[in-house]
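Fold and contact review
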Amino acid sequence: MTPHTLGDIEMGPPCCVPVPHLSIENLAVAYGDTPVLSNVSLDIHKGCITALIGPSGCGKTSFLNSLNRLTDLIPGARVEGRIRLANESGTLDLLDSSLDVRALRRRIGMIFQKPNPFPMSIRRNLELPLREHGMRRADLLAHTIETALADVGLWNEVRDRLDAPALTLSGGQQQRLCIARALVLEPEILLMDEPCSALDPIASGVVEEMIQSLRGRYTVVIVTHNLAQARRVGNYAAFFWMRERIGQLVEFGHCRQIFDAPVHPATAAYIGGMHG
Amino acid sequence: MHNPGDRLFGLALWGAAVGVTAVFAWLFADIARLGLGSLSLDFIATAPENAGRDGGIAPILVSTLLILGVAVGVAAPVGLGAAVWLNTYTRAGSRGGRRIRLALDMLAGMPSIVFGLFGNAFFSVFLGLGFSILSGGLTLAAMILPIFIRTVEAGLGAVEDGWRLGAAALGLTRSAALAHVILPAAAPAIGAGLMLGIGRAAAETAALIFTSGYVDRMPESLADSGRALAVHIYDLSMNVAGGDVHAAASALVLVALVACVNLMAVALSRRWLTRRLAV
Ligand SMILES: Nc1ncnc2c1ncn2[C@@H]1O[C@H](COP(=O)(O)OP(=O)(O)OP(=O)(O)O)[C@@H](O)[C@H]1O
Ligand SMILES: [Mg+2]
C-alpha cells in the first residue's frame, strides 16, 4: 500500500485523498432477537485512522467484530447489510458465507481491550500465527519477530527475555506485544477496541504514540472512550448513539469537523460533555 | 471485630476439619499398625502364597497398573474429545448440551456395581473379552469417563474468551487454537480430571470383580484375568481367614500408589502454571 501524505495530526486535518478501503452499507447487528445496531453506512479510508466514539452499549464493539467476522464466534449474533473490502481486483464481499474467513482475518487484524497474549513465551506468541500461516524457516521467523517487536518499540525491552512467559510483561508491554502479534501477519487493516483503556496513563501514551506511527502504513479503526485521544489520533471520527435502544451512526466526518463543528445536536452534546 | 456468631462459626469449621482429619488418621493408624510390619521390598516383589496369607503382591500390582493403564489410555483421549465437543455445543447454549451434561452427572454418581454389571454384560460377554484385564480396564474407563469429561469441560469453559477470540482473530484454525492455546490453558483441569478418575479407578472393587476377575497369577497379556489391589484387599479381609495382616499391608501400598499419583498431578499442573506465568 502506498503511504499517503498526512497533515499535521494535532489539527485533525483532512488526512489524505480519501480512498475507501472498507465500504459499509446498511450494516445491522442483532444478538438473537435483539437488534443492537442498525443502518450503519460509512467508508473507512485507506491509510487513515478512523476513531469510533459514543456511549457504552451503542454497538461499537459489535460493529468492529462484524468487520473481521468475529461475530461468527458469538452465539446468536447475526449481521446483515454489506461490507466490501477493496481488492486489487474489485471488491470482496465480507459477509459472503463462502468467504475464506481465515484469509480475511489475516488481512484484518484485531487488538482487544484487555491485552490477550497467549499463555506461552513472548517468542511463541509471535511464532504461532506465523507458523500457522505457513512460515517455517527459522531465519525468516526470527527476522519477522524482531522487526515486529521493533515496530512496537518492544525489542529493546524484551530482546534478552524472548523465552520468558508473555504474561510476565506489564500491561502496556502486553498490549504492544498483541499489536506486534497482529502486525507479523502483515495485515492491511487493524481494528482496535479500546486498546488503551486497561492501561495506566504512561503506558497508554506509549501505545497511543505507537498507533500514531501506523498512520499511512495501515488502515486503522479504533474505538475509544477517551475523546481527547480520538481527537489526537483520528483523521476521521464516527459518532455512534442510541435511538430507541438501538445503536446508530449519527455523524461521520473529519475529526476536526466532528470535534469543532458537529452538525448533529447529539454529537454536540456528547462532545460538549468533554469540555463541561 | 469478632462477634460471637463469627466465633461460633469459626469454631464449627475448626471442629469439622479436626474431626475429618482425626477419622482419617485413625483409619490410617489402624492399617499401619496391622500392615506396616509385613511391608517390605519382598512383599512388593514376590507372588502371593497360601491364598495371600503369605508371599507378596507382585502379580497383583502389575495387574493393577495394567488395568489402570488401559482405563486411562482409553478414557483420556475419548474424554478429551467428548469434552471439547460438549464445550462447543454448550457454548452455543444449546439444549442438547445441557441434557448431555445432566446425563453425565447422573452417570458420575452411579454406583460402581452398575458399571461392573454393564462391563460384564458388554465387554466380557457380548464382546467376548471374558474375564480379562482388558474388560476390567474398559469398564473402569467407562466408569471414570463421566467425571473426567465434566471436569475437563468445566476447565475449557473457564478458559478466557480473550484467548479464544484472539486466536480466531489471528486466523488460527479451530484445531490450532485448541491444540496450542485452549487445551494448554485448560491443562490443570485436565490433570485434575485424570487424577479424580485414577483415584476412583484405583480404589475400585465392585466393577472389577465381574470383569477382570480374581486370578492372582502374573498376567501374561491383556487378555488374561488379573486381580486388582482393591479386589485383593477385599478378598483377603472377607474370604481368607488370617488374611488381615496382608490386607492391611496391601492397603498401605494402595494408599501410597494413589498418593503418588495425586502428588504427581499436583506437581505437573504446578509446572504447567509456572512455565506459563513464571511467578
Ligand atoms: N454476546 C452478546 N450477546 C447478547 N448481547 C450482547 C452481546 N454482546 C453485546 N451485546 C449487547 O449489544 C449491545 C452493544 O454492545 P457492544 O459491546 O457492541 O457495545 P459497545 O459500544 O462496544 O459498548 P462499550 O463501550 O461498553 O464497550 C449492548 O446492549 C450489549 O449488551
Ligand atoms: Mg465495547
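Residues numbered from 1 in each chain as written. Chains lettered and ligands numbered in written order. Predicted model: local features only at pLDDT ≥ 70, side-chain atom pairs only at ≥ 80, totals over all residues. Heavy atoms only, no water.

Here's the deal with the overall build of chain A
Across its full length, chain A holds 10 helices and 10 strands. Relative to the 2.2 N^0.38 estimate, which gives 19 Å for 276 residues, the radius of gyration of chain A is 18 Å and therefore close to what a compact globule would have. For chain A, the spread of C-alpha atoms along the principal axes amounts to about 55 × 45 × 35 Å. The burial tally for chain A puts 54% of its 276 residues in the buried class. At a minimum sequence separation of 6, the contacts of chain A that also span at least 24 residues come to 67%. Put simply, chain A shows about 11600 Å² of open surface, and 51% of that area lies on carbon and sulfur atoms. (Helix = DSSP H or I, 4+ residues; strand = E, 2+ residues; numbered from the N terminus. Rg over C-alpha atoms; globule rule 2.2 N^0.38 Å. Buried < 20%, exposed > 50% of the residue type's maximum accessible area, 1.4 Å probe, protein only. Contact = heavy atoms within 4.5 Å. Areas by Shrake-Rupley, 256 points an atom, 1.4 Å probe, with all protein chains shown as cover.)

Let's talk about the overall build of chain B
From N to C terminus, chain B includes 12 helices and two strands. Seen in sequence order, chain B has helices and strands lined up from the N terminus as α-α-β-β-α-α-α-α-α-α-α-α-α-α. By its C-alpha atoms, chain B is 65 × 65 × 35 Å across when sized along the principal axes. Residues counted as buried form 41% of the 279 residues belonging to chain B. Partitioning the contacts of chain B with sequence separation of at least 6, the portion at a separation of at least 24 is 74%. Element-wise, carbon and sulfur atoms account for 71% of the exposed surface of chain B, whose accessible area totals about 14200 Å².

Re the site of ligand 1
Residues and elements named next belong to chain A. With respect to spatial proximity, the complete set of residues near ligand 1 consists of Tyr31, Val36, Ser56, Gly57, Cys58, Gly59, Lys60, Thr61, Ser62, Ile74, Glu194 and His225. With respect to ligand 1, the backbone of Cys58 contributes an N or O atom lying 3.3 Å from an oxygen atom. One of the side-chain nitrogen or oxygen atoms of Thr61 is found 2.6 Å away from an oxygen atom of ligand 1. Considering only residue class, the shell around ligand 1 consists of four nonpolar, six polar and two charged. (Near = heavy atom within 4 Å. Polar contact = N/O pair within 3.5 Å; in protein donor to acceptor, adjacent residues only side chain to side chain. Nonpolar A, V, L, I, M, F, W, Y, C, P; charged D, E, K, R; others polar.)

Some points on the pattern of salt bridges
Inspection of every chain in the model, using the stated rule, returns 17 salt bridges over all chains. A salt bridge links Glu25 of chain A to Arg84 of chain A, with the shortest nitrogen-to-oxygen separation between them at 2.4 Å. In this pair, Glu25 of chain A is assigned in strand β1 (residues 20–31) and Arg84 of chain A in strand β4 (residues 77–87), connecting sequence segments 59 residues apart. Judged by relative accessible area, Arg84 of chain A falls into the partly exposed class, the value being 22%. Between Asp163 of chain A and Arg123 of chain A there is a salt bridge; the shortest N-O distance is 3.1 Å. With Asp163 of chain A in the loop between α5 (155–158) and α6 (171–183) and Arg123 of chain A in helix α3 (residues 122–132), the pair connects residues that are 40 residues apart, well separated along the chain. Given a relative accessible area of 57%, Asp163 of chain A falls into the exposed group. Here the salt bridges share partners, and the residues they tie into one network are Arg101, Asp105, Arg150 and Glu153 of chain B. (Salt bridge = Lys/Arg side-chain N within 4 Å of Asp/Glu carboxyl O.)

Describing the nonpolar core
By size, the foremost hydrophobic cluster in this structure holds 108 residues, and its most contacted members are Leu149 and Val220 of chain A. Among all residues touching Val220 of chain A, those that are not within four sequence positions of it are Cys48, Ile49, Thr50, Leu190, Met192, Ile211 and Leu214 of chain A. Core analysis: the next-biggest nonpolar cluster, separate from the first, contains 32 residues, Leu27, Val36 and Phe63 of chain A together with Ala168 of chain B among them. (Core = buried A, V, L, I, M, F, W, Y, C linked by side-chain atoms within 4.5 Å.)

Here's the deal with the pairing of β1 of chain A
All names here are of chain A. Pairing between β1 and strand β2 (residues 34–45): eight bridges, direction antiparallel. From the neighbouring strand, Ala30 faces β2, where its bridge partner is Pro35. In textbook terms, the turn of a hairpin is the stretch between consecutive antiparallel strands, and for β1 and β2 this stretch comprises two residues, one of which, Gly32, has a positive phi near 60°. Pairing of β1 with β4, which is carried by eight bridges, proceeds in the antiparallel orientation. Within β4, the residue paired with Ile24 across the bridge is Ile83. (Pairing = 2+ DSSP bridges.)

Re the confidence of the model for chain A
When pLDDT is low, close inspection of the predicted coordinates is not appropriate. Averaged over every residue, the pLDDT of chain A is 88; the share at 70 or more is 93%. Below pLDDT 50 for its whole length, residues 1–14 of chain A participates in 31 contacts with residues either more than four positions away or in separate chains. (pLDDT = per-residue confidence, 0-100.)

Re the packing of α3 of chain A against α6 of chain A
All names here are of chain A. Contact pair α3 / α6: the axes reach a minimum separation of 9 Å and the direction vectors enclose 25°. The angle between the axes of α3 and α6 places the two elements in the roughly parallel class. In the packing of α3 onto α6, the handedness of the crossing is right-handed. For the pair formed by α3 and α6, the contact residues are Ile122, Asn125, Leu126 and Pro129 on the first element and Leu177, Ala180 and Arg181 on the second. Each residue belonging to the contact of α3 with α6 can be placed in one class, and the counts come to five nonpolar, one polar and one charged. (Axes fitted to C-alpha atoms, helices over the stretch in contact; angles between N-to-C directions. Parallel < 35°, antiparallel > 145°, perpendicular 65-115°, else oblique. Left-handed = near helix turned anticlockwise from the far one by under 90°.)

A short note on helix α7 (residues 201–212) of chain A
Residues and elements named next belong to chain A. With 12 residues, α7 should cover 16 Å at 1.5 Å per step; its first-to-last C-alpha distance of 16 Å lies within 8% of that length. All of the buried residues along α7 are Ala203, Ser204, Val207, Glu208, Met210, Ile211 and Gln212. Where α7 is buried, its residues meet β3 (49–53), α4 (138–151), α6, β7 (189–193), β8 (219–223) and α8 (227–233). For α7, the N-terminal cap is Asp200; the gap from its side-chain oxygen to the backbone nitrogen of Ile202 is 2.8 Å. (Expected span 1.5 Å × (residues − 1).)

Details of the interface of chain B and chain A
Listed per partner, the contact involves 23 residues of chain B and 26 residues of chain A. Contact between chain B and chain A buries roughly 2000 Å² in total, counting both sides, with carbon and sulfur atoms accounting for 70%. Among the residues of chain B in contact with chain A, Trp163, Ala169 and Leu170 of chain B are the three that bury the most area, contributing 29% of the side total. Linking chain B with chain A are one salt bridge, by the criterion used here. Counting across the interface, chain B meets chain A through six residue pairs in polar contact (both at pLDDT 80 or more). (Buried area = accessible area lost by both parts, 1.4 Å probe.)

Focus on the pairing of strand β5 (residues 90–93) of chain A
All names here are of chain A. In terms of strand pairing, β4 meets β5 through four bridges, oriented antiparallel. Residue pairing for β5: Ala86 is matched across the bridge by Thr91. Linking two consecutive strands that pair antiparallel, namely β4 and β5, is a turn of two residues.

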